[in-house]
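Listed here are the chains, written in short residue letters.
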Amino acid sequence: MSPNIVGRVREALRGGQRVDPDALIARLAAVRRFLEAADGQLPDTQLVPAHTLVERAGTRLSLSRDHTVVALAGATGSGKSSLFNALARFELSPVGVRRPTTGVAHACVWGPLDGATRLLDWTGVLPRHRFVRESALDGDDESALHGLVLLDLPDFDSVQRSHRLEVDRLLGLVDLVIWVVDPQKYADRVVHSSYLREFHRHRDVTLVVLNQADRLPPAELPRVLADLRRLLDADGLDGVPLLATTAVDPGGITELRATLERTVAERQAALLRLAGDVDTVVAGLAELVAAEPPAGVPDAGPASGLNRALAGAAGVPAVAEAVEGAYRHRAAASTGWPLVRGWRRLRPDPLRRLHLPGPTGGGDDPAESLVAATSVPDPTAAQRSALGLAVRAVADRAGADLPDAWATAVTTAARSRLGDLPDALDRAVAQTDLGLDRRPAWWRIVGGVQWLVTLAAVAGLGWLALGYALRALGLPALDNPRVGEVPLPTVLLLGGLLAGLLVAASTRPVVRWAARRARGRAEKRLALAVGAVGQEHVVEPVRAVLARHGQAWQALRDAAGR
Ligand SMILES: Nc1nc2c(ncn2[C@@H]2O[C@H](COP(=O)(O)OP(=O)(O)OP(=O)(O)O)[C@@H](O)[C@H]2O)c(=O)[nH]1
Ligand SMILES: [Mg+2]
């Protein structure tokens, strides 16, 4: 046995490549976390390899860690069955001249069959194709291979499609693969492009043997081996052990046997295989998450385009204008000249026309909160499309640095509650305290003054009327006090009327100013209410998707840590 080759085998199968089972289990748990985070967010088809891995690895690890499942794979006639029989030292798998010979996998277990039964059931090798090498019968010769489960596979380049499917299925399950090539077909395109190249992440659990070495002139062997090594390097399998074997000569498989003994003793192949599988899956998933997770949903502040569009769709400007109008209307009704106040009451209150304030009590009754609460005009087509664009813009910005699949998930989430928005906005407007519930104290004071001066005028009028009546009936006239030259009743009447007009006139600019302030206050409260609706219906769903992406991103980082 060439010490050079054994050294390489040892290096590949042992040196620095040990897989800690706990670390592997943690990596698999991370892949599972990735799948949970991605569930419902990414297309299922992109997650199939990861699901397959999680399921297969879980089963493989639960079955038996003491066994190493090794498969002999290769083209028809390369000598797989011959090597299988040579290693087992029995004619277990028929070797044939008619090609292809082996149609279904055969298995040989070294050691008691009991422990390997469930493993073999899992691989699907039929009971009649299972064989056992018990060391009790063989003496100590075979004990070094205890724990080996060797599979002889059908040919992968078969004319029989079923062979190929069987090979693909088993290559997904086994712990170590021995690729058997022969001097005639070692450069065949199929083995390299369809299999070896695909296996580059499993080079820790890959072995290549050039069988039928006896068919080559001894001087040719090194040249063919060097050529094959070059092809393997091109396949990305540099460093993979490459052995020459002769199945028909018991001395021609010594190196292979030694390598298998070492592999079985190490009990690392299953772990190395699964670690390679995790590497493959992680590499495949890498493009499904961003390089760095986005910090959050950008531009969700009160002045954002979304909030402006929401305010437009909710009719906030119309409501704010109605608040200003209602303030003036109500202020005039309280502080205006009492003799014309009744007139004003006949004119409708601009807020009541919108059925505002709407339902009180914050929508405790779900039935009530389901019906449109206000008569604020429905959003126009332009407002609806502006809202659609603003929602789209939030999604675009949030998903800008994400891979396509997540960006799509973000857009879907942003639009997911768009249908609920009109009602939610209407309810939010209806339930907003517009600040007009209480009459300001100064209205009452001014109103009181208006009543006083009006009463003075009425008193003056009554006094004057009484004087005229007495005079008309010829009764003694009243002794009217005078203010300067003017009789008091006249002063009361004219002064009262004049004061009423003056108070009304001087109050008007104050009312206008206060109405504008009331409008500003209402606008702020409405903006807050409408912004909260936007948060709940647009920003939160987007944030939830970003959180899922963050979890997936972290899980993938954990899964990659080897
Ligand atoms: N000279 C020589 N002949 C071999 C060697 N290995 C296999 N053969 C012969 O090659 C032929 C095919 O061998 P098999 O072991 O049936 O090949 P296989 O890879 O199992 O073929 P399939 O089952 O069809 O996939 C048989 O005639 C073997 O005797 C070898 O190392 N040297
Ligand atoms: Mg065969």
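Owing to the predicted nature of the structure, the values given are computational and were not obtained by experimental measurement.

Moving on: the overall build of the chain. Counting secondary structure elements, the chain contains 21 helices and nine strands. Against the 2.2 N^0.38 benchmark of 24 Å for 562 residues, the chain shows a C-alpha radius of gyration of 45 Å, more extended than a compact globule. Judged by the C-alpha coordinates and their principal axes, the chain covers about 160 × 45 × 40 Å. Counting only residues that meet the buried cut, the chain has 48% of its 562 residues in that class. The long-range fraction of contacts in the chain, counting pairs at least 24 apart against all pairs at least 6 apart in sequence, stands at 78%. For the chain, the computed accessible surface area is about 27500 Å², with 57% contributed by carbon and sulfur atoms. The centroid of the 66 positive side-chain charges in the chain is displaced by 12 Å from the centroid of its 62 negative side-chain charges.

Around ligand 1, 22 residues are found, and the nearest of them are Thr76, Lys80, Ser82, Thr101 and Thr102. Thr101 places a polar main-chain atom, nitrogen or oxygen, 2.7 Å from an oxygen atom of ligand 1. Considered on its own, ligand 1 offers 650 Å² of accessible surface; in the complex 88% of this is hidden by protein. Across the shell around ligand 1, the residue classes tally to five nonpolar, 12 polar and five charged.

All right, on to the coordination of the magnesium ion (ligand 2) then. Coordination of the magnesium ion (ligand 2) by the protein involves Ser81 (OG) and Thr102 (OG1), with metal-donor separations of 2.0 Å. Of this pair, Ser81 sits in helix α4 (residues 80-88) while Thr102 sits in the loop between α4 and β2 (106-110); the two residues are 21 residues apart in sequence, bridging distant segments of the chain. Each member of the pair, Ser81 together with Thr102, is buried.

When the terminal C-alpha atoms of helix α13 (residues 316-335) are compared, their 28 Å separation across 20 residues agrees well with the 28 Å that a helix rising 1.5 Å per residue should span. By the criterion of burial, α13 is predominantly enclosed, with 15 of the 20 residues buried.

Turning next to helix α7 (residues 161-171). The set of residues buried in α7 consists of His163, Glu166, Val167, Leu170 and Leu171. End-on view of α7: buried residues confined to an arc of 125 degrees, all on one side of the axis.

The next subject is the packing of aromatic side chains. Applying the stated rule across the entire model yields five aromatic pairs. Taking 5.6 Å as the distance between ring centres and 50 degrees as the angle between the ring planes, the aromatic pair formed by Trp179 and Tyr195 counts as tilted. In this pair, Trp179 is assigned in strand β5 (residues 176-181) and Tyr195 in helix α8 (residues 189-196), connecting sequence segments 16 residues apart. Residue classification places Trp179 among the buried residues on the basis of a relative accessible area of 1%. A relative accessible area of 3% means that Tyr195 is categorised as buried. Ring geometry for Tyr327 versus Trp443: centroids 5.1 Å apart, planes at 75 degrees, classification edge-to-face. Residue Tyr327 is found in helix α13, and its partner Trp443 is found in helix α20 (residues 441-472); the two are separated by 116 residues along the sequence. An aromatic cluster of three or more residues is present, and its members are Phe156, Trp179, Tyr195 and Phe199.

Before going further, it helps to examine the confidence of the model for the chain. Scored by pLDDT, the chain has a mean of 87; 92% of the residues are at 70 or more. Under a pLDDT of 50 for its full length, residues 1-16 has, in the predicted model, 26 contacts with residues more than four places off or in other chains. Here residues 359-372 is modelled with pLDDT under 50, and outside its nearest four sequence neighbours on either side it reaches 13 contacts, counting other chains as well.

Taken N-terminus to C-terminus, the directions of helix α3 (residues 48-63) and helix α5 (residues 114-123) make an angle of 155 degrees; their axes are 9 Å apart at the nearest point. Regarding the angle of α3 to α5, the classification is roughly antiparallel. Taken together, the residues of α5 that come into contact with α3 (itself represented by Arg56, Thr59, Arg60, Ser62 and Leu63) are Arg118, Leu119 and Trp122. Its residues assigned to classes, the contact of α3 with α5 comprises three nonpolar, two polar and three charged.

The next point concerns the environment of Pro217. With respect to the helices and strands, Pro217 occurs in the loop between β6 (206-210) and α9 (221-234). Judged by its relative accessible area of 45%, Pro217 is partly exposed. Along the chain, Pro217 and Val538 lie 321 residues apart, while their C-alpha atoms are 75 Å from each other.

Next up on the list: the pattern of salt bridges. Using the criterion set out here, one finds 24 salt bridges in the structure. The residue Arg330 makes a salt bridge to Asp349 at a minimum N-O spacing of 2.5 Å. On the criterion of sequence distance, the pair formed by Arg330 in helix α13 and Asp349 in the loop between α14 (338-346) and α15 (350-353) is long-range, its members being 19 residues apart. For the pair Arg330 and Asp349, a shared accessibility class is recorded, and that class is buried. The shortest N-O distance in the salt bridge between Asp420 and Arg417 comes to 3.7 Å. Classification of Arg417 by relative accessible area gives partly exposed; the value is 28%. Several salt bridges converge on common partners, so that one network encompasses Arg89, Glu142, Arg257 and Glu261.

Under the definition given, this model contains two cavities of 30 Å³ or more. Around the largest cavity, the lining residues are Gly74, Ala75, Ser78, Phe156, Asp157, Val180, Val181, Asp182, Lys185, Asp188, Val190 and Val191. Broken down by secondary-structure element, the contributors of at least two residues to the lining of the largest cavity are β5 and α8. The volume enclosed by the second largest cavity comes to roughly 30 Å³.

This paragraph deals with the packing of helix α12 (residues 305-314) against helix α19 (residues 421-431). The N-to-C vectors of α12 and α19 enclose an angle of 80 degrees; their axes lie 9 Å apart at closest approach. With respect to α19, the axis of α12 lies roughly perpendicular. Within the contact between the two elements, α12 uses Leu310, Ala313 and Ala314 and α19 uses Leu421, Leu425 and Val429. Looking at side-chain class alone, the contact of α12 with α19 contains six nonpolar, no polar and no charged residues.

In a beta sheet, neighbouring strands pair by backbone hydrogen bonds and run either parallel or antiparallel. If you walk across this open sheet you meet the seven strands as β3-β2-β4-β1-β5-β6-β7, and the pairing is mixed. Looking along the sheet, the strands with just one partner apiece sit at the ends: β3 (130-133) and β7 (242-244). Taking the axes of each pair of neighbouring strands and ignoring which way they run, one obtains an average angle of 20 degrees across the sheet. Relative to β7, β6 runs parallel, the two sharing three bridges. Bridge assignment links Leu210 to a residue of β7, and that residue is Ala244.

Calculation criteria
- Residues numbered from 1 in each chain as written.
- Chains lettered and ligands numbered in written order.
- Predicted model: local features only at pLDDT ≥ 70, side-chain atom pairs only at ≥ 80, totals over all residues.
- Heavy atoms only, no water.
- Helix = DSSP H or I, 4+ residues; strand = E, 2+ residues; numbered from the N terminus.
- Rg over C-alpha atoms; globule rule 2.2 N^0.38 Å.
- Buried < 20%, exposed > 50% of the residue type's maximum accessible area, 1.4 Å probe, protein only.
- Contact = heavy atoms within 4.5 Å.
- Areas by Shrake-Rupley, 256 points an atom, 1.4 Å probe, with all protein chains shown as cover.
- Lys, Arg positive; Asp, Glu negative; His and termini not counted.
- Charge placed at Lys NZ, Arg CZ, Asp CG, Glu CD.
- Near = heavy atom within 4 Å.
- Polar contact = N/O pair within 3.5 Å; in protein donor to acceptor, adjacent residues only side chain to side chain.
- Nonpolar A, V, L, I, M, F, W, Y, C, P; charged D, E, K, R; others polar.
- Donors = N, O, S within 2.8 Å, 3.2 Å for Na, K, Ca; no water.
- Expected span 1.5 Å × (residues − 1).
- Arc of directions from axis to C-beta.
- Phe/Tyr/Trp six-rings, centres within 6.5 Å; stacked < 30°, edge-to-face > 60°.
- pLDDT = per-residue confidence, 0-100.
- Axes fitted to C-alpha atoms, helices over the stretch in contact; angles between N-to-C directions.
- Parallel < 35°, antiparallel > 145°, perpendicular 65-115°, else oblique.
- Salt bridge = Lys/Arg side-chain N within 4 Å of Asp/Glu carboxyl O.
- 1 Å grid on protein atoms, 1.4 Å probe; cavity = no way out; pocket = protein on both sides within 12 Å on 5 of 7 lines; lining within 4 Å.
- Points joined across faces, edges and corners; volume = space filled by probe spheres on them.
- Pairing = 2+ DSSP bridges.

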